[in-house]
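# Results of the structural survey
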Amino acid sequence: MSRAKNEPVVYSVTSASTSTTDDQDQRVRRYLTMMGIRIACFGLVFVTSGWVRWTAVIAAVFIPYFAVVLANAVSPRQPGSIQSVVPRDDTQRLEQ
């Protein structure tokens, strides 16, 4: 990946885990996806018959439980660590 001539070099000095906001956003998306599947199951109840209908009913009943459990499952936080960084010599690149 190349960078522009005037763009500064950015070094990563931490191995910090994902932010709590990103974790929460992921859990919200997972919950909303499962609720969307539940709505589709309700729709299937009215347009299908037989075992497909009963499977959709059972899924519509049990999906909310699993959606809430997964939405409340917070990822374990891993402590970050600071690593030493040795910057490369960019003076040659800037002169070009």
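What this report covers is the structure whose coordinates are included nearby. (Residues numbered from 1 in each chain as written. Predicted model: local features only at pLDDT ≥ 70, side-chain atom pairs only at ≥ 80, totals over all residues. Heavy atoms only, no water.)

### Looking at the nonpolar core
Counting eight residues, the largest nonpolar core is built from Met34, Met35, Cys41, Val45, Ala56, Ala60, Ile63 and Ala67. Where this core is concerned, the elements lending two or more residues are helix H1 (20–47) and helix H2 (51–72). Once you skip the residues sitting within four places of it in the chain, Ile63 turns out to touch Met34, Met35, Ile37, Arg38 and Cys41. (Core = buried A, V, L, I, M, F, W, Y, C linked by side-chain atoms within 4.5 Å. Buried < 20%, exposed > 50% of the residue type's maximum accessible area, 1.4 Å probe, protein only. Helix = DSSP H or I, 4+ residues; strand = E, 2+ residues; numbered from the N terminus. Contact = heavy atoms within 4.5 Å.)

### Concerning the pattern of salt bridges
Summed over the entire model, instances satisfying the criterion amount to one salt bridge. Arg27 is paired through a salt bridge with Asp23; the nearest N and O atoms lie 3.6 Å apart. Linking Arg27 with Asp23, this pair stays in helix H1, spanning four residues, or about one helical turn. On the accessibility criterion, Arg27 (15% relative accessible area) is buried. We classify Asp23 as buried; its relative accessible area is 7%. (Salt bridge = Lys/Arg side-chain N within 4 Å of Asp/Glu carboxyl O.)

Purely spatial values, then, with no claim about function.
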